[in-house]
Amino acid sequence: MKNSFFYSLLFCAFAFAACDQEEQDEHMHGDDTEYDYHAHILAPNADNRQMGDSLAIYVLFESHAGETVHHVNVRIYQKGTNKEVYNKPVEAHIHETSGEYHYRDTFALSVANGISDDSSWIMEARVWGHEPGEGEAMEAVEFYVLPN
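Given the structure is predicted, the values throughout are model-derived calculations rather than measurements. (Residues numbered from 1 in each chain as written. Predicted model: local features only at pLDDT ≥ 70, side-chain atom pairs only at ≥ 80, totals over all residues. Heavy atoms only, no water.)

1. Observations regarding the overall build of the protein chain
So, step 1. Within the protein chain, the secondary structure is distributed over one helix and eight strands.
So, step 2. In the protein chain, the order of α-helices and β-strands from amino to carboxyl end is α-β-β-β-β-β-β-β-β.
So, step 3. Across the 148 residues in the protein chain, those meeting the buried criterion constitute 34%.
So, step 4. The contacts in the protein chain between residues at least 6 apart in sequence include a share of 68% that link residues at least 24 apart.
So, step 5. Surface accessibility of the protein chain: about 9000 Å² in total, with carbon and sulfur atoms responsible for 52%. (Helix = DSSP H or I, 4+ residues; strand = E, 2+ residues; numbered from the N terminus. Buried < 20%, exposed > 50% of the residue type's maximum accessible area, 1.4 Å probe, protein only. Contact = heavy atoms within 4.5 Å. Areas by Shrake-Rupley, 256 points an atom, 1.4 Å probe, with all protein chains shown as cover.)

Here it is in structure tokens:
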């Protein structure tokens, strides 16, 4: 009786280990994975801004091949100086298995956030696969903050 319980328990352990291995194998990516990633900046556009404006950020990251969206990044930096004032999400690995990830945020164009008036800024959105640079795609929009 004790032996049959032990063997049943051992069988269950092997079954769970096999399931875990199947999930890992399903998630493995080889060199031939076609991500067909795109980062679509839906907001902001290239319109001029004023100090104090609230910048709406909306980016659709997607894999047109239906692959998992593994990593995303949105950053804002000053054109010419590369002074970075925004870099999110904090954890780039989002692992969205649906093949689409909608990123939304707002950012105040203020001195407190490092913005200076009469300057050009670039918002850049990047998406990539499981490994750095894998299937990477990037889109950028430039906007100008008017002088006060």
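2. With respect to the environment of Tyr 144
So, step 1. With respect to the secondary-structure elements, Tyr 144 resides in strand E8 (residues 137-145).
So, step 2. Among the residues examined, Tyr 144 registers a relative accessible area of 24% and is labelled partly exposed.
So, step 3. C-alpha separation for the pair Tyr 144 and Ala 46, spaced 98 residues apart in sequence, amounts to 7.7 Å.
So, step 4. Non-local contacts of Tyr 144, meaning those with residues more than four positions away in its chain, are made with Asp 47, Asn 48, Arg 49, Asp 118, Ser 119 and Ser 120.

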